[in-house]
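Overview (structure and organization)
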Amino acid sequence: MELIQIEPHRKWLRRVLKGLGIILPSSGGGSSDDGSRKFKKIDDGDDEKYLKNLDPTKWKEQDHYRVLGLKYRRFLATDDEVKQAYKKVVLLHHPDKKHSQPEGDTETEYFACITKAYQILGDPVKRRSYDSVDEYFDDEIPQINAHSKSNFYTVFAPVFARNSRWSNITPVPLLGGDSDTKEKVEKFYNFWYNFDSWREYSYLDEEDKERGQDRIERKWIERQNKAEREHRKKEEMKRIRKLVDNAYACDPRIARFKEEAKTKKLMEKKAKEEARKNKLEEEERRKKEEELARQKKQLQEEELLKAKREAEKKEKEVIKKQLKRERKQLESFFEENNYFASDEKERLVYLQELNKIFLTLEHAQLSEFKENITSLASFEEQKNFFESKIDQMKSKSAREQRNIPQNKIDNGDNEESSSTKTWSTEDVQLLIKAVNLFPAGTQNRWEVIAAFVNQHTTTNNKNRKAREVLGKAKDLNKIDMTVKQEMNKISITKLLDSSKSKAKIEEGPSQRYEAPLEENNSLNTEQPWTNQEQQLLEQALKTYPTSDPERWSKIASCIPGRSKKECVKRYKELVELVKAKKAAKEAAQAAIKK
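Residues numbered from 1 in each chain as written. Predicted model: local features only at pLDDT ≥ 70, side-chain atom pairs only at ≥ 80, totals over all residues. Heavy atoms only, no water.

**Examining the overall build of the protein chain**
The following threshold applies: Put simply, DSSP H or I for four residues or longer makes a helix, DSSP E for two residues or longer makes a strand, and each gets a number counted from the N terminus. Exposure is judged per residue with a 1.4 Å probe applied to protein chains only, and the accessible area is read against the type maximum: over 50% gives exposed, under 20% gives buried, and values in between give partly exposed. In this analysis, two residues are considered to be in contact whenever any of their non-hydrogen atoms come within 4.5 Å of each other. What sets the accessible areas is the Shrake-Rupley method with a 1.4 Å probe; for residues, cover comes only from the shown protein chains.
Looking only at helices and strands, one finds 21 helices and 0 strands in the protein chain. A buried classification covers 33% of the 594 residues belonging to the protein chain. Taking contacts inside the protein chain between residues at least 6 apart in sequence as the whole, the part at least 24 apart equals 67%. Carbon together with sulfur atoms contributes 50% to the accessible area of the protein chain, which is approximately 39600 Å² in total.

In structure tokens, the structure reads:
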């Protein structure tokens, strides 16, 4: 293939090659075209004279491209061009082609430099190593000044173009123009801020490890070379980073995007302020209407309640009179039959049982009892019916007693005072909450639970022991489901009244275990946090620092379905939970040491 000779005097060609990092010699012997920066020049002397003056022992200092006649093509030269150039130079300078020379003449010793140049440029790995340190590549970075800002595209575009040759990733995005979108510009800077360069500096190794006398020396040489390469690589990446930083600072598009974002933020802030103002006005108007409606409704309800109370009062008076009449008739009936007793002792017992019936049965039930007993014909039938009613009342009372939860813990310690065995509704709820907070597997679990209950109780029973707490928890697990629900209903009102003056500690969403009275979920009016939401919240808290003024807004945007207020509330709950657990464990440890 015949080499194409490039005429370096053409101005447009000089600019194109300059953008690719190839610096052509100036015809006037001066600096570059525009004179704004100085570039290295390739000596435009006689190539053959340059070749013959080379020292084969200093082959690292020679320009391999110039040796093969490719000083203007350089890294753009293809493998075929390198091969053809080598053949051409060999035909011209091979020792066999020269006339016989006197012994000791070293005129052809430079031929070894030609061979070495082809060994470097003919091997892709060695050629890349040499191209990485090509002294004719322009490493200069435009500075941040008025000229760079006013001529941003003409100043920085050629620099990015020539440095793109080092990228392992292709295609490399170009600088673009003023009409590029924000996404395209951000993609460009993201690429260059994470630039993956193949440029390396093994060609500049001062020593060849193969020259080491033994394995230890060769390893030492390799470590020294590796350390030097890494140092040069870091300097190169700093250079690329500085190029990107300077471009970012001078880019008019970035300034425009920032101004647009600022304007948008101000508009959004103004819109939010206007919306807030309108919302406040609407809220004020709505509150006034609601207050009027509430007062009107309250007046109507008071009137209805008053009328209802009057009606109920009259109805109660009627029922009371009827009940009194029924009791009087029954008392007369039982007196006539001597209360169906055979002696005075039995008469006293039956009289007491009759009073219990009067106190227990309602009006309708008492009327039914009177009709049933008076409708019987014989004395024996009436007595048997009365005794069966007594047995029925006793059985019902026994069943109710069996279903009532025990208020003391059977822990084998009969010497404990009655005050420590009494559990209020609030203490029971604290026990349930503590069992949830400290699951099975917690070190000294029941001592920790006892310490938690003693810390938060408002009663005088603040010295409960682990055995007492364990026994109460076992008793709660034996309670019938209906009674559990009833106990929950009784305790809800008290807990809600006291929650305003106490710190709330709720169970975390990641705790999965069942505890006594777990059915009471009415205290939590918000949607419980799922495991996925909890993980997203924890990750967002790590991602956005406390110094960020928009931290909670950003955190809320990471958790679908959760507002900023809910995220802040959940964070405070977790902090209180951690503090409560820590305090309970410390109290338990202190109690154990005592």
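**Focus on the side chain of Glu326**
This is how it is decided: Definition of a polar contact: a pair of N or O atoms within 3.5 Å, with one able to donate and the other able to accept a hydrogen when the atoms are protein atoms, and with sequence-neighbouring residues admitted only if both atoms are side-chain atoms.
On the secondary structure map, Glu326 appears in helix 11 (residues 252-336). Side-chain polar atoms of Glu326 contact the side chain of Lys370, separated by 2.8 Å. Apart from the residues within four sequence positions on either side, Glu326 is in contact with His363, Leu366, Ser367 and Lys370.

**A few points about the pattern of salt bridges**
Here is the rule: A pair is scored as a salt bridge if a Lys or Arg side-chain nitrogen falls within 4 Å of a carboxyl oxygen belonging to Asp or Glu.
In the structure shown here, the tally under the stated rule is 31 salt bridges. Measuring nitrogen to oxygen at the nearest pair gives 2.9 Å for the salt bridge that ties Arg239 to Glu236. Of this pair, Arg239 and Glu236 both sit in helix 10 (residues 215-250), 3 residues apart, which is roughly one turn of the helix. Taken as a pair, Arg239 and Glu236 share a single burial class, namely buried. Residue Asp548 pairs with Lys554 through a salt bridge whose shortest N-O separation is 2.7 Å. We classify Lys554 as partly exposed; its relative accessible area is 32%. Among the ionic contacts, a cluster of salt bridges with common partners joins Asp139, Arg199, Glu236 and Arg239.

**Details of the environment of Arg165**
Inspection of the secondary structure assignment puts Arg165 in the loop between helix 8 (152-163) and helix 9 (182-193). Expressed as a C-alpha distance, the spacing of Arg165 and Trp198, which sit 33 residues apart in the sequence, is 9.1 Å. Dropping the residues within four chain positions of it, Arg165 is found in contact with Phe75, Asp131, Phe137 and Trp198.

**Quick notes on the packing of aromatic side chains**
Here a ring pair, both rings aromatic, is described through the centre-centre distance and the interplanar angle of the planes. Convention followed: In this analysis, rings of Phe, Tyr and Trp, with Trp reduced to its six-membered ring, are considered paired at centre separations within 6.5 Å, and the interplanar angle assigns stacked below 30 degrees, edge-to-face beyond 60, and tilted for intermediate values. Two conditions define a charge sitting above a ring: the NZ of Lys or the CZ of Arg must be within 6 Å of the ring centre, and it must be within 35 degrees of the ring normal.
Using the criterion set out here, one finds 25 aromatic pairs in the structure. Between Phe188 and Trp192, the aromatic rings sit 6.3 Å apart at their centres with planes inclined by 50°, giving tilted as the arrangement. With Phe188 and Trp192 both in helix 9 and 4 residues apart, this pair spans about one turn of that helix. Considered together, Phe188 and Trp192 belong to a single accessibility category, that of buried residues. Members of the aromatic cluster, joined through ring pairs, are Phe160, Phe188, Tyr189, Phe191, Trp192, Phe195 and Tyr248. When the ring centre of Trp446 is taken as reference, the NZ or CZ atom of Arg445 above it lies at 4.9 Å. The ring of Trp552 is capped by Arg551, whose NZ or CZ atom sits 5.4 Å from the centre of that ring.

**Brief notes about helix 19 (residues 531-543)**
Working note: α-helix, 3.6 residues per turn, so residues spaced by three or four point in the same direction. How we decide: Helix span, expected: 1.5 Å multiplied by one less than the number of residues in the helix. As used here, the arc is the angular range of directions from the helix axis to the C-beta atoms.
Its 13 residues place the ends of helix 19 18 Å apart at the C-alpha level, agreeing with the 18 Å of an ideal helix rising 1.5 Å per residue. Residues Glu533, Gln534, Leu537, Ala540 and Leu541 constitute the buried set of helix 19. Down the axis of helix 19, the sector holding all buried residues measures 130°, keeping them to one side. Facing away from the buried side of helix 19, by more than 90 degrees, are the exposed residues Gln532, Gln535 and Lys542.

**Some thoughts on the confidence of the model for the protein chain**
Here is the rule: pLDDT is a per-residue confidence score from the predictor, ranging from 0 to 100.
In this model, the protein chain carries a mean pLDDT of 76, and residues with pLDDT of at least 70 account for 76%. In this model residues 100-106 is a low-confidence stretch, pLDDT under 50, and it forms 2 contacts with partners more than four residues away in sequence or in other chains. Predicted confidence for residues 406-420 stays below pLDDT 50, and this span has 27 contacts to residues more than four positions away or in other chains.

**With respect to the state of the cysteines**
In plain terms, the rule: Criterion for a disulfide: a pair of cysteine sulfur atoms at a distance within 2.5 Å.
With the rule as written, the count across this model stands at 0 disulfides. With no disulfide of its own, Cys558 lies closest to Cys567 among cysteine sulfurs, the gap being 8.9 Å.

**Remarks on helix 5 (residues 111-121)**
Of all the positions in helix 5, only Phe111, Cys113, Ile114, Ala117, Ile120 and Leu121 are classed as buried. Residues of helix 5 that are buried make contact with helix 2 (47-52), helix 3 (64-67), helix 4 (79-93) and helix 6 (124-132).

**Regarding the packing of helix 11 against helix 13 (residues 363-374)**
What counts here: Angles shown run from 0 to 180 degrees and are taken between the N-to-C directions of axes, each axis being a line fitted to C-alpha atoms and, for helices, limited to the stretch in contact. Oblique is the label for any angle not under 35 degrees, not over 145, and not in the 65 to 115 range, which are roughly parallel, roughly antiparallel and roughly perpendicular in turn. By convention the crossing between two helices is left-handed if the near helix lies anticlockwise of the far one by an angle smaller than a right angle, and right-handed if it lies clockwise. Any residue outside Ala, Val, Leu, Ile, Met, Phe, Trp, Tyr, Cys, Pro, Asp, Glu, Lys and Arg is labelled polar, Gly included; the first ten of those are nonpolar and the last four are charged.
It is the contact of helix 11 with helix 13, at a shortest axis distance of 10 Å, that shows an interaxial angle of 30°. Judged by the angle between their axes, helix 11 and helix 13 are roughly parallel. Once helix 11 is placed against helix 13, the crossing between them reads as left-handed. Listed contacts from helix 13 to Ile319, Gln322, Leu323, Glu326, Arg327, Gln329, Leu330, Phe333 and Phe334 of helix 11 are His363, Leu366, Ser367, Phe369, Lys370, Ile373 and Thr374. For the contact of helix 11 with helix 13, the class distribution of residues is 8 nonpolar, 5 polar and 3 charged.

**A few points about a positive patch on the surface**
To keep things clear, this is the line we draw: In this scheme, patches are assembled from residues that exceed 30% relative accessible area and form no salt bridge. Like charges are connected within 9 Å, while nonpolar side chains (Val, Leu, Ile, Met, Phe, Trp, Tyr) are connected within 5 Å. Two residue types count as positive, namely Lys and Arg, and two as negative, namely Asp and Glu; His and chain ends fall outside the count. Charge coordinates come from a single atom per side chain, which is NZ of Lys, CZ of Arg, CG of Asp or CD of Glu.
On the surface, Arg215, Arg218, Lys219 and Arg223 cluster together into a patch of positive charge. For Arg218, the location among the structural elements is in helix 10. Of the residues examined, Arg218 reaches a relative accessible area of 31% and is grouped as partly exposed.

**Brief notes about the side chain of Thr457**
For Thr457, the position within the fold is in the loop between helix 16 (445-456) and helix 17 (466-478). One polar contact links Thr457 to Asp427, side chain to side chain, over a distance of 2.6 Å. Look past the residues within four positions of Thr457 in its chain and what remains in contact with it is Asp427, Leu430 and Lys462.

**Some words on unusual backbone geometry**
Between Thr170 and the following residue, Pro171, the backbone shows a cis peptide bond with an omega angle of -5°. Mapped onto the elements of the fold, Pro171 is located in the loop between helix 8 and helix 9. Of note in the backbone geometry, Arg74 takes a positive phi value of approximately 50° without being a glycine. In this structure, Asn338 is a non-glycine residue whose phi angle is positive, near 55°. Relative accessible area serves as the criterion here: at 35%, Asn338 is assigned to the partly exposed category.

**Observations regarding the packing of helix 5 against helix 6**
Remark: helix 5 packs on helix 6, axes separated minimally by 6 Å, with the N-to-C direction vectors making an angle of 100°. In terms of orientation, helix 5 lies roughly perpendicular with respect to helix 6. Only Lys126, Arg127 and Tyr130 of helix 6 make contact with helix 5, whose side of the interface consists of Gln119, Ile120 and Leu121. Split by residue class, the contact of helix 5 with helix 6 holds 3 nonpolar, 1 polar and 2 charged.

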